[in-house]
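Listed below, chain by chain, are the residues.
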Amino acid sequence: VNQFEEVTFECRATGIPAPYINWYRNGDLLNEAFDSRISLSELTVSGPMDPIATDLFTVCRTLTFNYTRDNDTDTYTCVASNGNARMPNVTQDFELFVRVAPVFLTPPENLTVVTPEDATFFCEATARPGPTITWWRVEE
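Every value quoted in this text rests on a predicted model; they were computed, and no experiment measured them. (Residues numbered from 1 in each chain as written. Predicted model: local features only at pLDDT ≥ 70, side-chain atom pairs only at ≥ 80, totals over all residues. Heavy atoms only, no water.)

Caption draft 1: Geometry of the overall build of the protein chain. Looking only at helices and strands, the protein chain has zero helices and nine strands in total. In the protein chain, the succession of helices and strands from N to C terminus is β-β-β-β-β-β-β-β-β. For the protein chain, whose C-alpha radius of gyration is 25 Å, the value lies well above the compact-globule estimate of 14 Å for 140 residues. Along the first, second and third principal axes, the C-alpha atoms of the protein chain reach 90 × 25 × 25 Å. When burial is assessed residue by residue, the protein chain has 29% of its 140 residues classed as buried. By sequence separation, contacts in the protein chain at least 24 residues apart represent 58% of the contacts at least 6 residues apart. Separation of charge centres in the protein chain, based on 9 positive and 20 negative side chains, amounts to 6 Å. (Helix = DSSP H or I, 4+ residues; strand = E, 2+ residues; numbered from the N terminus. Rg over C-alpha atoms; globule rule 2.2 N^0.38 Å. Buried < 20%, exposed > 50% of the residue type's maximum accessible area, 1.4 Å probe, protein only. Contact = heavy atoms within 4.5 Å. Lys, Arg positive; Asp, Glu negative; His and termini not counted. Charge placed at Lys NZ, Arg CZ, Asp CG, Glu CD.)

Written as structure tokens, this is what we have:
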């Protein structure tokens, strides 16, 4: 996703009783208080749907970045649990890669030389993915 764009991840889990889903980044629980750009929403997609197991529920919880920043590039993990100690938690990882437009760290400067001296121009830029720098000679 491009920097400053919105992105949403969706995590679904089914269980008896209805599972609860949490989102993590590097082991830290995410919530709206963690970052005002983050919003979490949860809904029960389906309630009792199996005539034998009448309590089977599917839950969906989304993680939305209202706009992304460069440092949001990371792995985000959803963990679903329904409190049943005999059943392990279920996890799923989501990768977020934020593309960042090129920015000059050191812009090129005008240079005046006398023939036959060499002219060496220098510039430095950063971006994600890494920038490609191309030089053009402008004829007057």
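Caption draft 2: A look at the state of the cysteines. Considering all chains together, one arrives at one disulfide under this definition. The partner cysteine of Cys11 in its disulfide is Cys78, sulfur to sulfur 2.1 Å. Its S-S torsion of about 65 degrees marks the bond between Cys11 and Cys78 as right-handed, since a negative value means left-handed. Taken together, the positions of Cys11 in strand S1 (residues 7-15) and Cys78 in strand S6 (residues 74-81) put the pair 67 residues apart, joining distant regions of the chain. There is no split in this pair, since Cys11 and Cys78 are both buried. Looking at Cys60, it has no disulfide partner, and the nearest cysteine sulfur is the one in Cys11, 7.7 Å off. For Cys60, a relative accessible area of 4% puts it in the buried group. (Disulfide = S-S within 2.5 Å.)

Caption draft 3: Representation of the packing of aromatic side chains in the model. Summed over all chains, the structure comprises six aromatic pairs. Measuring from ring centre to ring centre gives 6.5 Å for Phe9 and Trp23, while their planes differ by 40 degrees; the resulting arrangement is tilted. On the criterion of sequence distance, the pair formed by Phe9 in strand S1 and Trp23 in strand S2 (residues 20-25) is long-range, its members being 14 residues apart. For Phe9, a relative accessible area of 11% puts it in the buried group. You can call Trp23 buried: its relative accessible area is 1%. When the ring centre of Tyr67 is taken as origin, the NZ or CZ atom of Arg37, which lies over that ring, is 5.3 Å away. (Phe/Tyr/Trp six-rings, centres within 6.5 Å; stacked < 30°, edge-to-face > 60°. Lys NZ or Arg CZ within 6 Å of the ring centre and 35° of its normal.)

Caption draft 4: Seen up close, the sheet that holds S6. Here four strands make up an open sheet; going across it, the order is S3-S2-S6-S7 and the pairing antiparallel. Edge strands, defined here as strands with exactly one partner in the open sheet, are strand S3 (28-29) and strand S7 (90-96). Relative to S7, S6 is paired through seven bridges, and the arrangement is antiparallel. If you follow Thr77 over to S7, its bridge partner there is Asp93. (Pairing = 2+ DSSP bridges.)

Caption draft 5: Spatial organisation of the side chain of Arg25. By the element assignment, Arg25 lies in strand S2. By relative accessible area, Arg25 is classed as buried at 16%. Side-chain polar atoms of Arg25 contact the side chain of Asp74, separated by 2.9 Å. Excluding its chain neighbours within four sequence positions, the residues that come into contact with Arg25 are Leu30, Asn71, Asp72, Thr73, Asp74, Thr75 and Tyr76. (Polar contact = N/O pair within 3.5 Å; in protein donor to acceptor, adjacent residues only side chain to side chain.)

Caption draft 6: Geometry of a nonpolar patch on the surface. Together, Leu111, Val113, Phe121, Ile133 and Trp135 line one region of the surface with nonpolar side chains, adding up to about 450 Å² of accessible area. Inspection of the secondary structure puts Ile133 in the segment after strand S9 (124-128). (Patch = residues over 30% accessible without salt bridge, like charges linked within 9 Å, V, L, I, M, F, W, Y side chains within 5 Å. Areas by Shrake-Rupley, 256 points an atom, 1.4 Å probe, with all protein chains shown as cover. Salt bridge = Lys/Arg side-chain N within 4 Å of Asp/Glu carboxyl O.)

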